[in-house]
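Chain by chain, the residues run as shown.
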There are 2 protein chains.
Amino acid sequence: MPVSSASMPTKERILGAAEELFARHGFEGASLRQLTAAAGVNLAAVNYHFGSKDRLIEEVFRRRLDQLNGRRMAALQKIAGDAGTTVEDVLAAFIVPALELSHDGNGSLFMRVLARAFAEHDDTLRKFLSDNYGHVMRQFTAEFARLLPQLSKEELYWRVDLVTGALTHAMSGFGMIQRKSDVPEDRHREQTAQHLIRFAASGLKSP
Amino acid sequence: MPVSSASMPTKERILGAAEELFARHGFEGASLRQLTAAAGVNLAAVNYHFGSKDRLIEEVFRRRLDQLNGRRMAALQKIAGDAGTTVEDVLAAFIVPALELSHDGNGSLFMRVLARAFAEHDDTLRKFLSDNYGHVMRQFTAEFARLLPQLSKEELYWRVDLVTGALTHAMSGFGMIQRKSDVPEDRHREQTAQHLIRFAASGLKSP
DNA sequence: GCAGGAATCAAACGATCGTTTGAGGATACG
DNA sequence: CGTATCCTCAAACGATCGTTTGATTCCTGC
């Protein structure tokens, strides 16, 4: 499963190498020289294809988040507003697409990039993420509000923030948690999802 | 409450400015030239007093973590092994010292530095933190294990990791959550602690 | 098969990085 | 008063940063 093979177009090889090096060394820590060397392309290729390093960073996010948040929204649409929907259902709509990404290619490296973006309080990056994907969090929060009417607005924001913090932290470490070889991949993913959903649901619903 | 005034010794002025700039721009993003300019000291002072930038980073952690984890361990010793101790008590021993730090001076900036250290999967930094402060997490985990005997070792590690992730994430954002002016400082801190403890306890104890 | 845009290349740009140097100032002790 | 020690300072070190340039190669459409 190549993330940056010689047969791929230059743009995708750069994106693959960027994802890996941003995860490992941070946005400032990974230089364009390391990056283009790892991708096997010329140094000038980044500025030619993306314009600048900052635009490359945005493109790394866009490529993954478009897919991730698209799947999250699709899963949420199916259950939002329904009478039988539970907190666990909404959490599953949020978590399962992220787990699928984590176990696909070097998607788990992207989760580490995302965790870095959370830790960096960089205004430009936060604005980009908020502008492009803020509506996703608002939709999920609105559905939680419907299912947890006893919580004040303030309390709800608190708990949703704690849940996203825990999940981002946990999923950024998935590269290290290896499943036992006798458990099939999808079964392992299902167990992980159950762990996370149970934990988060208990926190959200706590009295 | 100056963090880097002209009257303070050079070493402390550097540590104060370093904490702020590392929180804002990361370890690689903050340069020694910015840092020494903000502290009002000569560029060479960092290498004279600390030896290198990496040793300065370690000293930034040491100064705060010695105090923070000292208070955590003291609070834990008082209740560890007792018959009446609850999960909430242990969580309070972990959380309250961190909240006290967050509301004291620019201690909240340090919590952001700590959140960065979590997100960076830098081996050198992780080894330093593990070598010097790993015993704290082991002690707390052991006490959780005593109070939650129904959890498997694997499940317990999972949940403790989720809790620390949520708390680190939450407390790194405390600079932005301002208390209402009609609520006294210590009352606000107490309320925040209750929020965090309730959330974490529900997650840990979830069936 | 040839013109022309797309893509790649080596090389260089000025800026900034962490670190080192050696001279000079401050301070305490004989 | 002199001297030894701690500290500060401006300046420079080589390395590396993101970006730009201009020539060269590749590929496509006529």
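Naming follows an unreviewed UniProt entry, where chain A appears as TetR family transcriptional regulator of Dyella kyungheensis.

S.K.: Lay out the interface of chain A and chain B with the relevant residues and their values.
M.R.: Contact residues are listed per partner, giving 37 residues for chain A and 37 residues for chain B. Here chain A packs against chain B, burying approximately 3300 Å² in sum over the two surfaces, 64% of which is carbon and sulfur. Its largest share of buried area at the contact with chain B, chain A owes to A:H121, A:W158 and A:F199, together 23% of the area lost on that side. Applying the counting criterion to the chain A and chain B interface returns four salt bridges. Our count for the chain A to chain B interface comes out at six residue pairs in polar contact (both at pLDDT 80 or more). Residue classes in the side of chain A that touches chain B are distributed as 15 nonpolar, twelve polar and ten charged.

S.K.: Account for the UniProt feature "DNA-binding region" (unreviewed entry) in chain A, with residues named and values stated.
M.R.: Sites flagged by UniProt as "DNA-binding region" (unreviewed entry) map to residues 31-50 of chain A. Secondary structure over residues 31-50 of chain A splits into 70% helix and 0% strand, and the C-alpha atoms at its two ends are 15 Å apart.

S.K.: Run through the protein's contact with DNA strand D, naming residues and quoting values.
M.R.: Surveying the vicinity of DNA strand D reveals 15 residues, the closest of which are A:L32, A:R33, A:K53, B:T10 and B:H49. The protein-proximal atoms of DNA strand D, defined as those within 4 Å of the protein, are 48% sugar or phosphate. A distance of 2.9 Å is found between a phosphate oxygen of DNA strand D and a backbone nitrogen or oxygen belonging to A:L32. With respect to DNA strand D, the side chain of A:N47 contributes an N or O atom lying 3.5 Å from a phosphate oxygen. Looking at the surface near DNA strand D, the elements with two or more residues in it are helix 2 (32-39) of chain A together with helix 3 (45-50) of chain B. A per-class count over the surface near DNA strand D returns six nonpolar, six polar and three charged.

S.K.: Go over the relation of the copies chain A and chain B with me, naming the residues and quoting the values.
M.R.: For the pair chain A and chain B, the superposition axis carries a translation of 0.0 Å, the fit reaches an RMSD of 0.0 Å, and the rotation angle comes to 180 degrees. The symmetry that links the two subunits is that of a two-fold axis. Distance from the rotation axis, computed per C-alpha, reaches its smallest value in chain A at A:A166: 2.1 Å. Here 100% of the contact residues of chain A are again contact residues in chain B; the copies associate through an equivalent surface.

S.K.: So what's going on with helix 4 (residues 53-79) of chain A? Which residues, and what values?
M.R.: All names here are of chain A. Between its first and last C-alpha atoms helix 4 spans 39 Å; for 27 residues at 1.5 Å apiece the expected length is 39 Å, and the two agree. At L65, helix 4 shows its largest kink, close to 30 degrees. Listing the buried residues of helix 4 in full gives L56, I57, V60, F61, R64, L65, L68, N69, R72, M73, L76 and I79. Where helix 4 is buried, its residues touch helix 1 (10-25), helix 2, helix 3 (45-50), helix 5 (87-102), helix 6 (107-119) and helix 7 (123-147).

Here is what the cut-offs are and how they apply
- Residue indices follow the written sequence of each chain, beginning from 1 at its first position.
- Each chain takes a letter, starting from A, and each ligand takes a number, starting from 1, following the order in which they are written.
- Selection of residues for local features in this predicted model requires a pLDDT of at least 70, selection of side-chain atom pairs for listing and counting requires 80 or more, and totals for whole chains, interfaces and linings are taken over all residues.
- To get the side-chain values, all heavy atoms of the structure are used, and hydrogens and water are removed first.
- Contacts: residue pairs with any heavy atoms within 4.5 Å of one another.
- The quantity reported as buried area is the accessible area (1.4 Å probe) lost by two parts once they are put together, taken as the sum for both.
- Salt bridges are defined as contacts in which a side-chain nitrogen from Lys or Arg sits within 4 Å of a carboxyl oxygen from Asp or Glu.
- Pairing of N or O atoms within 3.5 Å defines a polar contact, subject to two protein rules: one partner must be a possible hydrogen donor and the other a possible acceptor, and residues neighboring in sequence count only if both atoms are side-chain atoms.
- Under the convention adopted here, Pro, Cys and the residues Ala, Val, Leu, Ile, Met, Phe, Trp and Tyr are nonpolar, Asp, Glu, Lys and Arg are charged, and Gly plus all remaining residues are polar.
- UniProt positions are given in the numbering used here, feature names are shortened, and annotations may be inferred rather than shown by experiment.
- Numbering of helices and strands starts at the N terminus; helices are DSSP runs of H or I of at least 4 residues and strands are runs of E of at least 2.
- Put simply, a residue is near a molecule or strand once any heavy atom of it comes within 4 Å of that molecule or strand.
- Copies overlap after least-squares fitting; the atoms used are the C-alpha atoms of residues with pLDDT of at least 70 in both.
- Given the number of residues in a helix, its expected span is that number minus one, multiplied by 1.5 Å.
- Two axes enter the definition of the bend at a residue: one is fitted to the seven residues ending there, the other to the seven starting there, and the bend is the angle between them.
- Burial here depends on accessible area, computed with a 1.4 Å probe over protein chains only, as a share of the maximum for the residue type. Under 20% is buried, over 50% is exposed, and the range in between is partly exposed.

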